[in-house]
Amino acid sequence: GFGDGDALALAQALPKGDILEAVDLGENSRLSNEAACRLLEAIAGQHKGSLKSLKLDRCCSLGKPTIEMCTKLLKYSLLNLEVLDLSGMTIGMREYKGLGRAIAYHKKISDVRLVETGLGKIDCRDVVRSIISNRSLKNLDLG
């Protein structure tokens with residue numbers, strides 16, 4: 001799997017000016033929040049206009065800081081993102097509320113996957129209501 005050293009090296013080596021449409025870091029259990037956040041910031045800084053797909057599914061060591069970063073990037077940077085997969089990550093209620101609002105107001109997102117994220121363990125009615133209010137959403141996978 002992809003580890004912190006790999007993620008940090010990739011963040012430094014990202015080509016500037018090229019189009020980057022998809023990032024799939026899924027199933028990387030060795031990836032830390034710090035490295036993931038630094039890589040996501042680098043991607044958003046250099047490819048915010050072209051990134052359409054972000055997959056962090058089954059990265060079981062990622063949590064609150066990475067979810068907060070994804071929420072921030074959905075609101076302010078990754079405005080052309082169409083696919084977001086955070087399946088298998090533990091997301092707390094507070095983070096879910098912010099993420100739900102960010103998804104609700106995102107203009108382009110059409111495919112959101114949140115399988116096995118702890119949504120069933122919390123009172124999720126408001127979060128789900130917020131997410132499904134997005135008119136561009138075509139696929140919502142909650143497991």
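The present account deals with the structure reproduced in this document. (Residues numbered from 1 in each chain as written. Predicted model: local features only at pLDDT ≥ 70, side-chain atom pairs only at ≥ 80, totals over all residues. Heavy atoms only, no water.)

### Looking at the sheet that holds strand β2 (residues 53-55)
And then number 1: Read from one edge of the open sheet, five strands run β1-β2-β3-β4-β5, paired in parallel fashion. The sheet terminates laterally at β1 (22-24) and β5 (139-141), the two strands that pair on one side only. Neighbour-to-neighbour, the strand axes of the sheet open up by a mean angle of 5 degrees, direction not taken into account.
And then number 2: The pairing of strand β4 (residues 111-113) with β5 spans three bridges and is parallel. Considered in β5, the bridge of Arg113 is made with Asp141. (Pairing = 2+ DSSP bridges. Helix = DSSP H or I, 4+ residues; strand = E, 2+ residues; numbered from the N terminus. Axes fitted to C-alpha atoms, helices over the stretch in contact; angles between N-to-C directions.)

### Here we look at the state of the cysteines
And then number 1: For the structure shown, the criterion picks out zero disulfides.
And then number 2: Unpaired in this structure, Cys70 has its nearest cysteine sulfur neighbour in Cys37, at a distance of 7.5 Å. (Disulfide = S-S within 2.5 Å.)

### Comments concerning the side chain of Ser53
And then number 1: Its place among the elements puts Ser53 in strand β2.
And then number 2: We classify Ser53 as buried; its relative accessible area is 14%.
And then number 3: When sequence neighbours within four positions are dropped, the list of residues in contact with Ser53 reads Glu21, Ala22, Val23, Leu81 and Val83. (Buried < 20%, exposed > 50% of the residue type's maximum accessible area, 1.4 Å probe, protein only. Contact = heavy atoms within 4.5 Å.)

### Considering helix α5 (residues 125-132)
And then number 1: The complete set of buried residues in α5 reads Val127, Ser130 and Ile131. For α5, the angular spread of the buried residues around the axis is 95 degrees, confining them to a single face. The outward face of α5, more than 90 degrees from its buried face, is lined by the exposed residues Arg125, Asp126 and Ile132.
And then number 2: On its buried face, α5 sits against α4 (93-105) and β5. (Arc of directions from axis to C-beta.)

### Structural notes on the pattern of salt bridges
And then number 1: Here the structure, examined in full by the defined rule, presents seven salt bridges.
And then number 2: Its salt-bridge partner being Arg38, residue Glu34 comes within 3.8 Å of it at the nearest N-O pair. A residue pair is termed a helical-turn pair when its members lie 3 or 4 positions apart in one helix, as Glu34 and Arg38 do in helix α2 (residues 33-47) at four residues.
And then number 3: The class for Glu34 is exposed, based on a relative accessible area of 55%.
And then number 4: For Arg38, a relative accessible area of 41% corresponds to the partly exposed category.
And then number 5: Connected through shared salt-bridge partners, Glu68, Arg94 and Glu95 make up one network. (Salt bridge = Lys/Arg side-chain N within 4 Å of Asp/Glu carboxyl O.)

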